[in-house]
Amino acid sequence: ALVCLLEENGFTTQQSEVIVSALVKIMNTNLDMIYKDMVTKVQQEIALQQVMSHIGGVKKDMIILEKSEFSALRSENEKIKLELQQIKKQVTDEITKVHADNKLNLNLEKSRVKELYSQNERKLLEMRTEIVELHAQQDRALTQTDRKIDTEVADLKTMLESHKLDNIKYLAGSVFTCLTVALGFYRLWI
């Protein structure tokens, strides 16, 4: 049927037969490999009987071990439990001690930080006081400078006024002198 199907789809009779024979060989080879890995029912029952006999032997050994070995294991287990409890107590004590040490160190650090903070506050207060004093000195110096400038300005104004007055006097004297000279010439001409 496969040969006929292949011939209907364009293969020659010889090509179709070669393809089908190759497929049959491959399938037979695969089935042989599968059969090699498979077990017969008789072999399976023999293997099951062997496993069951081994399990029976292990059960007997377990009963014997339970009576002898397990009692020793139980006593050893109890010893280990006691040792673990002692170690747990020691670890708890160590943890408590470390916790107390850490708390003490933390309190010491807190007090040290507070002390440093208060020192810094004092230094800051001293610096503020110095700055206020410097500002006061600067304000006093500025006030004195302003007074000196005001005094100098007032002196200059007074001097300017006196010079103005002197200039007016000289100008008035010059004008009167010129008028007198002019009146003198005028009288001489008239």
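Criteria and thresholds
Residues numbered from 1 in each chain as written. Predicted model: local features only at pLDDT ≥ 70, side-chain atom pairs only at ≥ 80, totals over all residues. Heavy atoms only, no water. UniProt positions renumbered as here; feature names shortened; annotations may be inferred. Helix = DSSP H or I, 4+ residues; strand = E, 2+ residues; numbered from the N terminus. Buried < 20%, exposed > 50% of the residue type's maximum accessible area, 1.4 Å probe, protein only. Areas by Shrake-Rupley, 256 points an atom, 1.4 Å probe, with all protein chains shown as cover. Lys, Arg positive; Asp, Glu negative; His and termini not counted. Charge placed at Lys NZ, Arg CZ, Asp CG, Glu CD. pLDDT = per-residue confidence, 0-100.

Going by an unreviewed UniProt entry, the protein carries the name Mitochondrial calcium uniporter regulator 1 and comes from Cyanoderma ruficeps. Taken verbatim from the UniProt record of the protein, the Subcellular location (unreviewed entry) comment is "Mitochondrion membrane". The protein has a UniProt comment under Sequence similarities (unreviewed entry) that states "Belongs to the CCDC90 family."

On to the overall build of the protein. When its secondary structure is counted, the protein shows three helices and zero strands. Counting from the amino terminus, helix and strand elements in the protein follow one another as α-α-α. In terms of overall dimensions, the protein has a C-alpha envelope of 180 × 85 × 15 Å along the principal axes. Out of the 190 residues in the protein, the part that is buried amounts to 2%. Here the protein has roughly 18000 Å² of accessible surface; of this, 63% comes from carbon and sulfur atoms. Here the protein contributes 26 positive and 28 negative side-chain charges, whose respective centroids are spaced 8 Å apart.

What follows covers the confidence of the model for the protein. In this model, the protein carries an average pLDDT of 89, and 99% of its residues clear a pLDDT of 70 or more. Summarising per-element confidence for the protein, the mean pLDDT is lowest in helix α1 (residues 2–8) (85) and highest in helix α3 (residues 41–189) (90).

A few words now on the environment of L106. Assignment of secondary structure puts L106 in helix α3. What makes L106 partly exposed here is its relative accessible area of 49%. Placed 78 residues apart in sequence, L106 and G184 show a C-alpha to C-alpha distance of 113 Å.

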